[in-house]
Amino acid sequence: MRNTPLLVSPSILAADFGCLNQEIARINDCADFLHFDVMDGHYVPNLSFGIPVLQSIRGNTKLPFDVHLMVTNPHDLIQPFSEAGADFITFHLETTDNPIETAQMIRRLGRHPGVSIHPDTPTDRVFSVIPYVDLILVMSVYPGFGGQSFLQNAPERIRAIREELDRTGSGAHLSVDGGISEKTGRIASDAGADILVAGSFVFADENPADAVRRLKECGA
Ligand code: DX5
Ligand code: ZN
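The structure presented is a predicted model; accordingly, all values stated were derived computationally and were not measured.

Novice: I'd love a proper account of the pattern of salt bridges, names of residues and values included.
Specialist: Applying the stated criterion across every chain yields a total of 11 salt bridges. Between Asp-32 and Lys-216 there is a salt bridge; the shortest N-O distance is 3.1 Å. Placement of Asp-32 in the loop between α1 (20-27) and β2 (34-39) and of Lys-216 in helix α8 (residues 208-216) is noted, with a sequence separation of 184 residues between them. On the accessibility criterion, Lys-216 (27% relative accessible area) is partly exposed. Across the salt bridge formed by Glu-164 and Arg-167, the nearest N and O atoms sit 3.0 Å from each other. Here Arg-167 and Glu-164 lie together in helix α5 (residues 154-167), a separation of three residues that amounts to about one turn. Among the residues examined, Glu-164 registers a relative accessible area of 11% and is labelled buried. Owing to a relative accessible area of 62%, Arg-167 belongs among the exposed residues under this scheme. One salt-bridge network, held together by shared partners, links Glu-182, Asp-205, Asp-210, Arg-213 and Arg-214.

As structure tokens, then:
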């Protein structure tokens, strides 16, 4: 049994971009965040969307924006995304020489810094950054595409980071991204996650709000 509620951050990557505001309206009352997968075609072999998309949504929802930067050079984008209304800005540990400075840059702009860890990066590499961030994003798929399967090594990686958060008394969120369904959401929650990022599971459902509610029950 958890002592904090399990939160859900639907990834709009899986939404219908032709009617994005209507898609968001369907989950607006039950989601806890909106997850934005920003891909540059370089750090990951795919392109998604950028600042104009955030701006076109910002006025239509009060949900916090959880921006996931899958880009080679996050430093160029932190300020523009902050100005576009991002609340959490998460960069990949592997894309900066000095992740602590990157996190501090986000903090100075008044935003919540987050750091994401690639499935092939040893989990202890993120430990020194924990005191400087409000969110750790564990990738449970290889970044770049929605609709992939939850990786088998994800639960042990989530557990290792949860233990370090608890050991150091950190209140940072532990978010898990990729291949989340009711089954894997429960596994991630049991391993210590407190946020589930889910794209296809939410937006492929004919009732996305109900899909969000079912994910929240994974923490019960
Ligand atoms: C993958 C992205 C994920 C993705 C999740 O690179 O970071 O946020 O949208 O999609 P699903 O839930 O379909 O695996
Ligand atoms: Zn993501």
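Novice: Mind laying out the packing of aromatic side chains, listing which residues take part and the relevant values?
Specialist: Under the definition given, this model contains four aromatic pairs. On the basis of an interplanar angle of 85° and a centroid distance of 5.6 Å, the ring pair of Phe-33 and Phe-88 is categorised as edge-to-face. Taken together, the residues Phe-33 in the loop between α1 and β2 and Phe-88 in strand β4 (residues 88-92) connect sequence positions 55 residues apart. By relative accessible area, which is 8% here, Phe-88 ends up buried.

Novice: Report on the site of ligand 1, specifying residues and quantitative values.
Specialist: With respect to spatial proximity, 20 residues lie near ligand 1, and among them Asp-37, Gly-144, Asp-177, Gly-199 and Ser-200 are the closest. Contacts to ligand 1 include Gly-147, whose backbone N or O atom sits 2.8 Å from an oxygen atom. Here ligand 1 loses 99% of its free accessible area of 380 Å² to cover by the protein chains. Among the elements of the structure, β2, β3 (65-70) and β8 (195-198) are those that each provide at least two residues to the shell around ligand 1. It is β2 that provides the largest number of residues to the shell around ligand 1, a total of three residues. Residues that form the shell around ligand 1 fall into these classes: eight nonpolar, 10 polar and two charged.

Novice: Break down the side chain of Arg-157 for me, with residues and values.
Specialist: Tracing the sequence through the fold places Arg-157 in helix α5. Here Arg-157 is buried and forms no salt bridge, its nearest opposite-charge partner Glu-94 lying at an N-O distance of 6.4 Å. Here the side chain of Arg-157 touches Thr-121 through a polar contact of 2.9 Å, landing on its backbone oxygen. Those residues in contact with Arg-157 that lie beyond four places of it in its chain are Ile-117, His-118, Pro-119, Thr-121, Pro-122 and Thr-123.

Novice: Could you give me a rundown of helix α3 (residues 75-83), with the residues and numbers involved?
Specialist: All buried positions along α3 are accounted for by Ile-78, Phe-81 and Ser-82. The buried residues of α3 occupy an angular sector of 100° when the element is viewed end-on, so they sit on one face. Exposed residues pointing more than 90 degrees away from the buried face of α3 are listed as Asp-76 and Glu-83. Contact partners of the buried residues in α3: β2, α2 (51-58), β3, β4 and α4 (99-108).

Basis of the calculations
- Each chain carries its own residue numbering, running from 1 in the direction its sequence is written.
- All chains are assigned letters beginning with A, and all ligands numbers beginning with 1, in the order in which they are written.
- Residue-level local features of this predicted model are given only where pLDDT is at least 70; pairs of side-chain atoms are given and counted only at 80 or more, and the full residue set underlies all totals for whole chains, interfaces and linings.
- Computation of side-chain values: all heavy atoms of the structure, hydrogens and water removed.
- We define a salt bridge as a side-chain nitrogen of Lys or Arg found within 4 Å of a carboxyl oxygen belonging to Asp or Glu.
- Labels follow the DSSP assignment, with helices taken as runs of H or I lasting at least four residues and strands as runs of E lasting at least two, numbered in each case from the N terminus.
- Only protein chains enter the calculation, and the probe is 1.4 Å; a residue is then buried if its accessible area is under 20% of its type maximum, exposed if over 50%, and partly exposed in between.
- Two rings belonging to Phe, Tyr or Trp (six-membered ring only in the last case) form a pair when the distance between their centres is within 6.5 Å. Interplanar angles under 30 degrees mark stacking, angles over 60 mark edge-to-face geometry, and anything in between is tilted.
- One heavy atom within 4 Å of a molecule or strand is enough for the residue carrying it to be called near that molecule or strand.
- Definition of a polar contact: a pair of N or O atoms within 3.5 Å, with one able to donate and the other able to accept a hydrogen when the atoms are protein atoms, and with sequence-neighbouring residues admitted only if both atoms are side-chain atoms.
- Reported accessibility uses the Shrake-Rupley method at a 1.4 Å probe radius. Residues are deemed covered only where the shown protein chains occlude them.
- Classification convention: Asp, Glu, Lys, Arg as charged; Ala, Val, Leu, Ile, Met, Phe, Trp, Tyr, Cys, Pro as nonpolar; all other residues, Gly among them, as polar.
- Charged residues are defined narrowly, with Lys and Arg counted positive, Asp and Glu counted negative, and His plus the chain ends left uncounted.
- The criterion used for residue contact is that any of the two residues' heavy atoms lie within 4.5 Å.
- Of all possible arcs, the one meant is that of the directions from the helix axis to the C-beta atoms.

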